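Structural overview for review
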Amino acid sequence: AMADASARKISTTFAACALKLMATGWAAANRECKQPSMPTFRIERECQGIVAGIDEAGRGPLAGPVTAAAVIVRELSMPRKLARMIDDSKKLTADEREDIFARLQDCASVTISIGMASVEEIDRINILQATFLAMQRAVQGLPAAPDIALVDGNQPPKQLGCAVRTVIGGDALSLSIAAASIVAKVTRDRLMRELAPQFPVYRWERNVGYATAEHRAALDQHGPSQHHRMSFMPMPLFTVAGAHQRD
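Right, let's get into the overall build of the protein. Counting its regular elements, the protein contains ten helices and five strands. For the protein, the proportion of its 247 residues judged to be buried stands at 44%. Restricting to contacts in the protein with at least 6 residues of sequence separation, those with at least 24 account for 63%. A total of about 13,400 Å² of accessible surface is found on the protein, and carbon and sulfur atoms cover 57% of it.

This is the structure in C-alpha cells:
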C-alpha cells in the first residue's frame, strides 16, 4: 500500500511538472535551465584582420572623466585561464576586476590603450560625443590601427580610423569588448579614488563619482568641485554654494 501511495505521489508530481512545462513553454523552461553565458571570440572570428574591442566607463557619474579602452587580444596565444576569467565588468567584483586587469597588462597576447575625455569636454560637447572622443583617443593610442573595432552598444563612433561594428550587449558577448570594459572601469575607478583625498566630502573612494545618496547630500551642502560635470548638475541647487570650489 505504501509503495502504491509513493508511486501515485511521484506520478502526480510528474504530471504537475509536465503541465507547468506545457503552460510556460519549452523556450521559457530552457531559459530557466540555461547556464549564464561568458564572452567568447565568436564575433572576433567573424571579422577580418586585426580586431579591437572598445568599451567605456563613466558615462553616468556626476564627476570625473569618461574613459574608454581599446583592447586587441590575440586568441591563439591567449592563456585559457585568463580567457575564462574575463566577463562583463558589471558582473565582476572590484577585486576580480583588479586581478584581471593586472593579468591583461602582463599578458603578451594583449594590447591595451586608454583614452579619456575631460569634464570640460563633457560639458562642452555632451557626454555622448565626449565618449566617442575618448574612444578615438584609445584607438589612436594603439601601436597600429586595427582593421575593425567592435564597439559595445548601438551607436558607432565616427573617425576611429577603421571599420566599426557595434554590438549590443557586447561586453557579455565579445571577449575583446569585455576585456575593454574591465580596463576602462578599473582605470577610471582608480583615478577617482586617487582624487578622493583631495575632496573627502564627496566620498569618491566609495562612489567613484556616481550619484549615490551620500554624494548628492555632499553636493547639497558643499556644492560642486572643479571635477564635477556642470552639465549634469541640477543648477538651481548649486549656483552659489560651491562656485568658489571651481576657481
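Back to the text.
Inspection of the entire model under this criterion finds eleven salt bridges. Linking Glu205 and Arg203 is a salt bridge whose minimum nitrogen-to-oxygen distance equals 3.6 Å. Overlapping salt bridges, with partners in common, bring together Arg42, Glu46 and Arg165 in one network.

Considering all chains together, one arrives at two aromatic pairs under this definition. On the numbers, 5.4 Å between centres and 45° between planes, the contact of Phe199 with Trp204 is tilted. Trp204 sits in the buried class, given a relative accessible area of 0%. A cation over an aromatic ring shows up here: Arg229 above the ring of Phe232, its NZ or CZ 5.0 Å from the ring centre.

About the thresholds
Residues numbered from 1 in each chain as written. Predicted model: local features only at pLDDT ≥ 70, side-chain atom pairs only at ≥ 80, totals over all residues. Heavy atoms only, no water. Helix = DSSP H or I, 4+ residues; strand = E, 2+ residues; numbered from the N terminus. Buried < 20%, exposed > 50% of the residue type's maximum accessible area, 1.4 Å probe, protein only. Contact = heavy atoms within 4.5 Å. Areas by Shrake-Rupley, 256 points an atom, 1.4 Å probe, with all protein chains shown as cover. Salt bridge = Lys/Arg side-chain N within 4 Å of Asp/Glu carboxyl O. Phe/Tyr/Trp six-rings, centres within 6.5 Å; stacked < 30°, edge-to-face > 60°. Lys NZ or Arg CZ within 6 Å of the ring centre and 35° of its normal.

These results come straight from atomic positions and should not be treated as a statement about function.
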